[in-house]
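# Understanding the architecture of this molecule
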Amino acid sequence: EGRIFQRAIFNPIRGMTATGDSVDILSDKNFKTFASSATTSEELVPLLDAHVGGYTPRQRLLDGLKELFQKVETVENKMVVAKAVGKAKGNFEAEELVLVRDCGSDSLKEKVQTLNTLVQTMLEEGQISEDEKPSVLENLRKRRDAAKAADKVKLCEKLDRHMDCVVKAKLWILPIPNVEEINLLHKSLECITILEKTPTQEFHRRRTPGNKGEAFRRCSHKGCREKELHVV
């Protein structure tokens with residue numbers, strides 16, 4: 001879960017626990033970029049496509065936005081009541097004032113709706129990686145069982161349909177926006193590995209204006225952009 005989330009995408013929720021708990025997500029600086037009112041709903045999708053491509057990170061981001069929406073909406077409602085009873089300033093914590101200032105409930109609601117639609121589409125189209133399948137199915141089963149216990153027939157049917165889509169999904173590989181850059185980095189690492197194994201006697205001296213020469217190793221590895229690397 002690094003700059004490509006699922007091993008290579010920017011992670012807006014690196015404060016998440018292994019169970020998907022969103023205890024730390026609200027304080028993560030990258031999450032704040034998505035949640036901020038300065039980031040419009042129109043900008044959200046391009047950001048997601050570029051940095052949060054997988055189902056699991058999108059679902060975690062969605063859960064965090066839902067939690068934040070509830071917090072902000074609660075504070076905003078308190079402010080409305082305080083104003084109605086003549087207490088313009090009210091009794092608010094500094095953290096609550098910052099939440100309302102930086103993240104309006106209307107903006108968060110739109111983002112939750114947009115992201116929820118994207119996540120539902122991924123389930124219905126089977127855009128779930130093989131690594132994700134077990135945990136996604138387990139999560140859907142728990143939600144289905146809870147919905148059944150609450151006698152929510154339509155929700156049960158919806159979750160059953162999603163489970164069926166995930167089970168029948170064909171192999172799906174997460175698109176990586178900067179795959180070419182990563183490929184070049186891998187090639188560079190291969191070159192470095194080759195150079196590290198090069199015997200010392202194969203070093204050659206290069207003289208450059210202004211110095212007495214520095215040690216270099218040559219790499220003839222195909223695809224290596226740096227044919228000569230300085231030896232430190």
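Here the structure is a predicted model, which means the values were calculated and not measured.

### Structural notes on the nonpolar core
- Formed by 33 residues in total, the largest nonpolar core has its most connected members in Leu-65, Leu-68 and Leu-108.
- If you list the elements that add at least two residues to this core, you get α1 (29-35), α2 (41-51), α3 (55-84), α5 (105-124), α6 (133-149) and α7 (153-168).

### Concerning unusual backbone geometry
- We note that Asp-151 has phi near 60°; this positive angle belongs to a residue other than glycine.
- Tracing the sequence through the fold places Asp-151 in the loop between α6 and α7.

### Quick word on the confidence of the model for the protein
- This prediction gives the protein a mean pLDDT of 76; 72% of its residues lie at or above 70.
- The secondary structure element of the protein with the lowest average pLDDT is strand β2 (residues 214-218), at 47, and the one with the highest is α6, at 93.
- Taken as a whole, residues 211-217 scores under 50 in pLDDT and shows 28 contacts with residues more than four places along the chain or in a different chain.
- Predicted confidence is poor over residues 225-232, with pLDDT under 50, and the contacts of this stretch with residues over four places away or in other chains come to 22 contacts.

### What to know about the packing of α3 against α5
- Interhelical geometry of α3 versus α5 gives an angle of 155° and a closest axis separation of 9 Å. Taken together, the axes of α3 and α5 lie roughly antiparallel to each other. The two elements α3 and α5 cross, and the hand of that crossing is left-handed. Residue-level contacts link Tyr-55, Arg-58, Gln-59, Leu-61, Leu-62, Leu-65, Lys-66, Leu-68, Phe-69, Val-72, Glu-73 and Glu-76 of α3 to Ser-105, Leu-108, Lys-109, Lys-111, Val-112, Leu-115, Asn-116, Leu-118, Val-119, Met-122 and Leu-123 of α5.
- Within the contact of α3 with α5, the residues separate by chemical class into 14 nonpolar, 3 polar and 6 charged.

### Quick look at the pattern of salt bridges
- All chains considered together, the criterion is met by 9 salt bridges.
- Of the charged contacts in the structure, one is a salt bridge between Glu-130 and Lys-133, with a shortest N-O distance of 3.6 Å.
- Residue classification places Glu-130 among the partly exposed positions, given a relative accessible area of 42%.
- Residue Lys-133 is classed as buried on the basis of its relative accessible area of 13%.
- Through salt bridges that share partners, Arg-144, Asp-145 and Asp-160 make up one connected network.

Definitions and limits used
- Residues numbered from 1 in each chain as written.
- Predicted model: local features only at pLDDT ≥ 70, side-chain atom pairs only at ≥ 80, totals over all residues.
- Heavy atoms only, no water.
- Core = buried A, V, L, I, M, F, W, Y, C linked by side-chain atoms within 4.5 Å.
- Buried < 20%, exposed > 50% of the residue type's maximum accessible area, 1.4 Å probe, protein only.
- Helix = DSSP H or I, 4+ residues; strand = E, 2+ residues; numbered from the N terminus.
- pLDDT = per-residue confidence, 0-100.
- Contact = heavy atoms within 4.5 Å.
- Axes fitted to C-alpha atoms, helices over the stretch in contact; angles between N-to-C directions.
- Parallel < 35°, antiparallel > 145°, perpendicular 65-115°, else oblique.
- Left-handed = near helix turned anticlockwise from the far one by under 90°.
- Nonpolar A, V, L, I, M, F, W, Y, C, P; charged D, E, K, R; others polar.
- Salt bridge = Lys/Arg side-chain N within 4 Å of Asp/Glu carboxyl O.

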